[in-house]
Amino acid sequence: MADGSLLTTDVAIVGAGPAGIAAAVAAANRGASAVLLDSAPRPGGQIWRHRSAAELPASAARWLQRLRHSTVTWIPSATVVGMHRARALLAEREGREFSVRWRRLIIATGATERFLPFPGWTLPGVLGVGGLQAMLKSGAEVVGRRVVLAGSGPLLLPVAAALARAGARVAVVAEQAPAARVYGFAAGLVRTPGRLAQAAAYRSAFLGARYRCGTWVVRIDAAGAGLVVSLTDGRRVWTELADLAGVGYGLVPSVGLAHLAGCEISDGCVATDRLQRTSVPDIYCAGEPTGIAGADSAIAQGTVAGTAAGMASGPAEGAPARRAGTALASTRGFAARLSRAFGLRPEMHALADASTIVCRCEDVRLGRIDRGWTMRQTRLYTRAGMGPCQGRVCGPALEFVTGKPADSPRLPLFPTPVATLAAGPPPSEGDT
Amino acid sequence: MDGTPHRVAADITLAAALFNLGVRAPRRSVLGESRGPLCGMGICFECRVRVDGVDHRRACLEPVRNGMVVETGG
């Protein structure tokens, strides 16, 4: 793609996970031109990340095949850095900028892992739970490595299983939520038998390891080339030796682009109607940004959004929305049960001490932040959130630790050569 | 990588290749701490390295290529 080039499309879709793929395919099936962008080199998002299609479940492989056989223009390795006022996305690919002008935009930016700062979370070898999974799916070899997994949420189980299958020794899986709530959640899975069978399969894959509820990491220290992980159940503290640790606390909807576009955000999620329309005309949102509910829900929402956005004459309240509506209702129930079961316990607020780095980009320690400051003051006085991650990692972490609401996202959404911004029309408001 | 040629699997990311070569910390932080990948998906920028002369490339988003010149900051 040439520098400064401009693409024009009926429907632009940002994010090529299940929601974005389903949306792009649905829009194309309606006869609309569709451009699908993602920062990754391959479609699939995090859940369908793969090295070869053979690794994927059949349903995922089918969606990727539908995408390949569709008229969708797929642009890999493209990072969306901002929006022009005139219905255009500004994106960067291999150091070159380009714009995508759209008539309808579908935001399917997925979710990121929630990281909570604790002493030692910046050590090499300490990754997120999803981070460890992503590395594994990208070709990292873990044979014989001793791994501690900790944090919260249903992701712990499949990652433990995948690590065990790949030859790692999973020492312990620590879930901070109390056992009663976790098993209550598991019992609730009877309503979605597919998920229950999946959970049983994951558990049997790492039977040698302990799965401890009501247990969390208090600190990690480096010891030679390895790690010493200190765990607690609230009564005593003990240590585990590990080569690698995966620590993550569930998922946070990625609402940065939607926020920048002016879409209404409510409780950290993009607000949409039954047709996945946001509060901004011609902008739709599908999948995890509307609430963490998993791939099935994302596919259903993506299908609704793509169908509506792909209709040339404008979205009508029609049959396709009603059909996907049933799937939406059951997955929304799942999302609610998920957040009840894996709510973070109060002790999580106190994991970081004054010397703990809270902003990894700028190395800002918690002790430098005055609890009386707003998030904006924190940013201005300490540079927390001003680094390349643009607050994606420290934003949710600081919000949780200080109890202060996050700032609105800043332009560019991702670091970009100054020329990229200078070349485009003025960015819309949103920066401060 | 850093002047030494390495043979790695063809269909993996640069972040995975660095991991398999034993590079746990491809960069140093503002205060000089060793840092390695955290999110694995292009969000945290902890795995950033110089690739073919271009700074700040996220290793987790770069597929490995023949002849790729990688400079770590670790």
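The shown structure was predicted, so the numbers you read here are calculated from the model rather than taken from an experiment.

### A few points about the overall build of chain B
Part 1 of the reasoning: Broken down by element type, chain B carries one helix and five strands.
Part 2 of the reasoning: Moving toward the C terminus, one meets the helices and strands of chain B in the order α-β-β-β-β-β.
Part 3 of the reasoning: Its C-alpha atoms give chain B a radius of gyration of 11 Å, near enough to 11 Å, the size a compact globule of 74 residues would have.
Part 4 of the reasoning: Along the first, second and third principal axes, the C-alpha atoms of chain B reach 35 × 25 × 25 Å.
Part 5 of the reasoning: Counting all 74 residues of chain B, 47% fall into the buried class.
Part 6 of the reasoning: For chain B, contacts bridging at least 24 residues in sequence account for 39% of all contacts bridging at least 6.

### Considerations on the interface of chain B and chain A
Often, the extent of an interface is quoted as the loss of accessible area upon association of its parts.
Part 1 of the reasoning: Between chain B and chain A, the residue contacts involve 32 residues of the former and 32 residues of the latter.
Part 2 of the reasoning: Among the secondary structure elements, those contributing two or more residues to the side of chain B that touches chain A are α1 (14–20), β2 (34–35) and β4 (54–58) of chain B.
Part 3 of the reasoning: It is α1 of chain B that provides the largest number of residues to the side of chain B that touches chain A, a total of four residues.
Part 4 of the reasoning: Residue composition of the side of chain B that touches chain A, by class: 19 nonpolar, eight polar and five charged.

### Thoughts on the confidence of the model for chain A
Residues and elements named next belong to chain A.
Part 1 of the reasoning: Model confidence for chain A is summarised by a mean pLDDT of 87, while 84% of its residues fall at 70 or above.
Part 2 of the reasoning: Taken as a whole, residues 317–323 scores under 50 in pLDDT and shows six contacts with residues more than four places along the chain or in a different chain.
Part 3 of the reasoning: A low-confidence stretch, residues 423–432 (pLDDT under 50), is modelled with 20 contacts involving residues beyond four sequence positions or located in other chains.

### Thoughts on the sheet that holds strand β10 (residues 169–175) of chain A
Residues and elements named next belong to chain A.
Part 1 of the reasoning: In space, the five strands of this open sheet follow the order β8-β15-β9-β10-β11, with parallel pairing throughout. Each end of this open sheet is capped by a strand with a single partner; those strands are β8 (126–127) and β11 (210–213).
Part 2 of the reasoning: As paired elements, strand β9 (residues 146–152) and strand β15 (residues 244–249) share six bridges and run parallel to each other. By the bridge assignment for β15, G151 is matched with G248.

### Describing helix α10 (residues 375–382) of chain A
Residues and elements named next belong to chain A.
Part 1 of the reasoning: Taken as a whole, α10 has its buried residues at M375, T378 and R379. End-on, the buried residues of α10 take up no more than an arc of 95°, which puts them together on one face.
Part 2 of the reasoning: Close packing links the buried residues of α10 with α11 (394–402).
Part 3 of the reasoning: At the C-terminal side of α10, R383 shows a positive phi close to 70°.

### Points about the environment of D370 of chain A
Residues and elements named next belong to chain A.
Part 1 of the reasoning: Position of D370 relative to the elements: it lies in the loop between β21 (364–365) and α10.
Part 2 of the reasoning: Owing to 11 C-beta atoms within 10 Å, D370 belongs among the exposed residues under this scheme.
Part 3 of the reasoning: For D370 and Y381, which are 11 residues apart along the polypeptide, the C-alpha to C-alpha distance reads 9.9 Å.

Calculation criteria
- Residues numbered from 1 in each chain as written.
- Chains lettered and ligands numbered in written order.
- Predicted model: local features only at pLDDT ≥ 70, side-chain atom pairs only at ≥ 80, totals over all residues.
- Helix = DSSP H or I, 4+ residues; strand = E, 2+ residues; numbered from the N terminus.
- Rg over C-alpha atoms; globule rule 2.2 N^0.38 Å.
- Buried ≥ 20, exposed ≤ 12 C-beta atoms within 10 Å, placed from the backbone.
- Contact = placed C-beta atoms within 7 Å.
- Nonpolar A, V, L, I, M, F, W, Y, C, P; charged D, E, K, R; others polar.
- pLDDT = per-residue confidence, 0-100.
- Pairing = 2+ DSSP bridges.
- Arc of directions from axis to C-beta.

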